[in-house]
Amino acid sequence: MMQSNPINKDSASIFDSNKEESCVEDVRIDCSPHELARIIRKLDVRIIPFLGVLYLCSFLDRVNISNAKLAGITGDLHLSDSDYNIALSIFFVGYVLFEVPSNMMLKFIGPNKWIPIVMVSWGTVMALMAACHNAAGLLAARFFLGVTEAGLFPGIIFYLSLWYTRGEQSTRIALFFSFSTLAGAFGGVMAYGIMQMDGYLGLHGWQWIFIIEAIPTLILSAVTYFVLPSFPEKAKFLTLDERKIIINRLKVDAGPSTETEFSWVEFRSVFTDYKVYIHSLIYICGTIPLYSMSLFLPSIIQGMGFTDLRAQIMSAPPYAIACVVTIAVAMHADRQGERGFHVAFPAMIGAVGYIVLISVSHRGPVARYIATCVAVSGVFAHVPPMLSWITSNIGGHTKRGVATAFIISVGNIGGIIAGQIYRSNDKPYYTRGNCIACALIVCVAIVALVFKYVLLRENRRRDSLTEEEVRIESIKDNLCDKHPDFRYMT
């Protein structure tokens, strides 16, 4: 019985023309490990840093409202505590509603066209947020910022599965996702500097934060159209030999899950697959601590006794530490070919950080700050193995694209909740918010371990099938990851 690595079948996409396809079919597909490593490095250099910079801009624009709070936006717009928390949450309403449609658009018109459109849209909204004069304007702007940003993150996760095998995805996701930790660190330092412009040209410091941080997004939107390759078979920066090698290895990695054309059967199967809902549960439990920490970290640190300006600076080190930890965990996950433990262990580390943060709330800022660093590292480091677990275990081009967007949409409902768990009447210790985040990150660890066991059991069941049983289970079309020769990454 065939043992297969289950996922990246997208390499089998259709070429632009019969002539190009014929040329590719004529070239060799074998290569030495040294040559393959060279090609993978070529992909890494071209794709990963650029995606990382795009996500840095996205994450920075998403959470810079926390920096704007310290720069005085609540007082200038006369926001109540409730208004501010709603402004945090309403972003994710628009985000959730438009993730699945956006991923479908990416598939139909190509990432090098769709992503620039998305970037121009959210960069414009970000800059226009400086024109808000009241709570209603801010709420409307945050909603449309969520709508316009919805296409990037799920699109990138899906996009990486079109280039890398499942055993390579966790590290690549970590490398681009780590830019979100850099956004947290860089955003605090940058906001500190921008706040010094308060009063320049008659604008407040928070208005300058929105304007200046929108500029890189708008510039990069034009660059993206020319720099970001669409699909492997259309990648002009690769030779025909290199394209053929990349496409062939993705076919092999996909195993029996080779469906590449749009399929309504695959589309519907997303919503009847229990694994999609388990991934969604893990993701939503993880995103609430992640987003709440990202949105409130400057306020949490301010509650330790730091001034507004110092709190901006002191929010940088936790993110810098989390960046290193996140990449290290993901690289180890790929090296070991494992996901469940690499989701659960960082989650438990994050839980330890929260427990210590709660326990030492009355013992001075140093212990609380160290505990915060541990918590931030845990809530960020579990994400890349978890995201690559999704793309590694869902087969079929359409099913994977829709499922990825759906899972991230469900998970980002956690962003709506995250904006509500840290309340101003809980400061300076925010014990209630820390307790909620701790309980949820523990749930991530528990569900991940149970899910690992379920997938191991299913792999063992498929290993024990007779040839006749395999034949019977293989009869239907569009089986994707339900094919009996498909093996789940655990």
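Scroll up to find the structure.
Let me sum up the structure you'll find in this document.

1. So, the overall build of the chain
Right, so step 1: Across its full length, the chain holds 20 helices and zero strands.
Right, so step 2: Taken over the C-alpha trace, the chain has a radius of gyration of 23 Å; the compact-globule value for 490 residues is 23 Å, and the two agree within 12%.
Right, so step 3: Oriented by its inertia axes, the alpha-carbon framework of the chain measures out at about 70 × 45 × 40 Å.
Right, so step 4: Relative to its full complement of 490 residues, the chain shows a buried share of 61%.
Right, so step 5: In the chain, the share of contacts with a sequence separation of at least 24, taken over all contacts with a separation of at least 6, comes to 85%.
Right, so step 6: For the chain, the accessible area works out to roughly 18,000 Å², and carbon and sulfur atoms hold 67% of it.
Right, so step 7: Both charge centroids of the chain, one from 41 positive and one from 39 negative side chains, sit 3 Å from each other.

2. Let's talk about a nonpolar patch on the surface
Right, so step 1: A cluster of nonpolar residues, Met-105, Phe-108, Ile-109 and Ile-117, forms a patch on the protein surface that exposes about 350 Å² of accessible area.
Right, so step 2: Turning to its location among the elements, Ile-109 is positioned in helix H4 (residues 81-109).
Right, so step 3: Ile-109 gets classed as partly exposed once you look at its relative accessible area, which sits at 31%.

3. Thoughts on the packing of H4 against helix H12 (residues 274-302)
Right, so step 1: Between H4 and H12, the least distance of the axes is 12 Å, while the angle of their chain directions is 135°. As the angle between them shows, H4 and H12 are arranged oblique. For the pair H4 and H12, the crossing hand works out as right-handed. Together, Tyr-84, Asn-85, Leu-88 and Phe-92 of H4 and Tyr-291, Leu-295 and Phe-296 of H12 make up the contact between the two elements.
Right, so step 2: Its residues assigned to classes, the contact of H4 with H12 shows six nonpolar, one polar and no charged.

4. With respect to helix H17 (residues 383-392)
Right, so step 1: In terms of burial, H17 is largely enclosed, as ten of its ten residues are buried.
Right, so step 2: Every buried residue of H17 is listed here: Val-383, Pro-384, Pro-385, Met-386, Leu-387, Ser-388, Trp-389, Ile-390, Thr-391 and Ser-392.

5. Observations concerning the packing of helix H8 (residues 166-194) against helix H9 (residues 205-227)
Right, so step 1: Closest axis-to-axis distance for the H8/H9 pair is 9 Å, and the angle between their directions is 125°. Of the possible angle classes, the one that applies to H8 and H9 is oblique. As for how H8 packs across H9, the hand of that crossing is right-handed. Here Gly-187, Met-190, Ala-191 and Ile-194 of H8 lie close against H9, whose contacting residues are Gly-205, Trp-208, Ile-209, Ile-212 and Glu-213.
Right, so step 2: Here the contact of H8 with H9 is composed, by residue class, of six nonpolar, two polar and one charged.

6. So, the side chain of Ser-89
Right, so step 1: Take Ser-89: it is sitting in helix H4.
Right, so step 2: In this structure Ser-89 touches Gly-415, Ile-416, Gly-419 and Gln-420, once residues within four positions along its chain are discounted.

7. Details of the side chain of Asp-273
Right, so step 1: Among the secondary structure elements, Asp-273 is positioned in the loop between helix H11 (264-269) and H12.
Right, so step 2: Not counting the four nearest positions on each side in its chain, Asp-273 is found in contact with Lys-399, Asp-481 and Lys-482.

8. Quick word on the packing of aromatic side chains
Right, so step 1: What the rule picks out here adds up to 26 aromatic pairs.
Right, so step 2: An aromatic cluster is present here, built from Tyr-55, Phe-59, Phe-153, Phe-176, Phe-177, Tyr-319 and Phe-380 joined pairwise through their rings.
Right, so step 3: The lysine or arginine in question, Lys-275, covers the ring of Tyr-274, its NZ or CZ lying 5.2 Å from the ring centre.
Right, so step 4: Sitting above the plane of the Phe-341 ring, Lys-452 keeps its charged end 4.7 Å from the centroid.

9. A look at the pattern of salt bridges
Right, so step 1: Under the criterion given, the structure shown has 14 salt bridges.
Right, so step 2: The partner of Arg-172 in a salt bridge is Asp-44, and the shortest N-O contact between them spans 2.8 Å. With Arg-172 in helix H8 and Asp-44 in helix H2 (residues 33-70), the pair connects residues that are 128 residues apart, well separated along the chain.
Right, so step 3: Of the residues examined, Arg-172 reaches a relative accessible area of 12% and is grouped as buried.
Right, so step 4: Note on Asp-44: relative accessible area 18%, which makes it buried.
Right, so step 5: Between Asp-426 and Arg-432 there is a salt bridge whose closest N-O contact spans 3.0 Å.
Right, so step 6: Residue Asp-426 is classed as buried on the basis of its relative accessible area of 18%.
Right, so step 7: Among the charged side chains, a salt-bridge network with shared partners connects Arg-38, Lys-42 and Glu-242.

About the criteria used
Residues numbered from 1 in each chain as written. Predicted model: local features only at pLDDT ≥ 70, side-chain atom pairs only at ≥ 80, totals over all residues. Heavy atoms only, no water. Helix = DSSP H or I, 4+ residues; strand = E, 2+ residues; numbered from the N terminus. Rg over C-alpha atoms; globule rule 2.2 N^0.38 Å. Buried < 20%, exposed > 50% of the residue type's maximum accessible area, 1.4 Å probe, protein only. Contact = heavy atoms within 4.5 Å. Areas by Shrake-Rupley, 256 points an atom, 1.4 Å probe, with all protein chains shown as cover. Lys, Arg positive; Asp, Glu negative; His and termini not counted. Charge placed at Lys NZ, Arg CZ, Asp CG, Glu CD. Patch = residues over 30% accessible without salt bridge, like charges linked within 9 Å, V, L, I, M, F, W, Y side chains within 5 Å. Salt bridge = Lys/Arg side-chain N within 4 Å of Asp/Glu carboxyl O. Axes fitted to C-alpha atoms, helices over the stretch in contact; angles between N-to-C directions. Parallel < 35°, antiparallel > 145°, perpendicular 65-115°, else oblique. Left-handed = near helix turned anticlockwise from the far one by under 90°. Nonpolar A, V, L, I, M, F, W, Y, C, P; charged D, E, K, R; others polar. Phe/Tyr/Trp six-rings, centres within 6.5 Å; stacked < 30°, edge-to-face > 60°. Lys NZ or Arg CZ within 6 Å of the ring centre and 35° of its normal.

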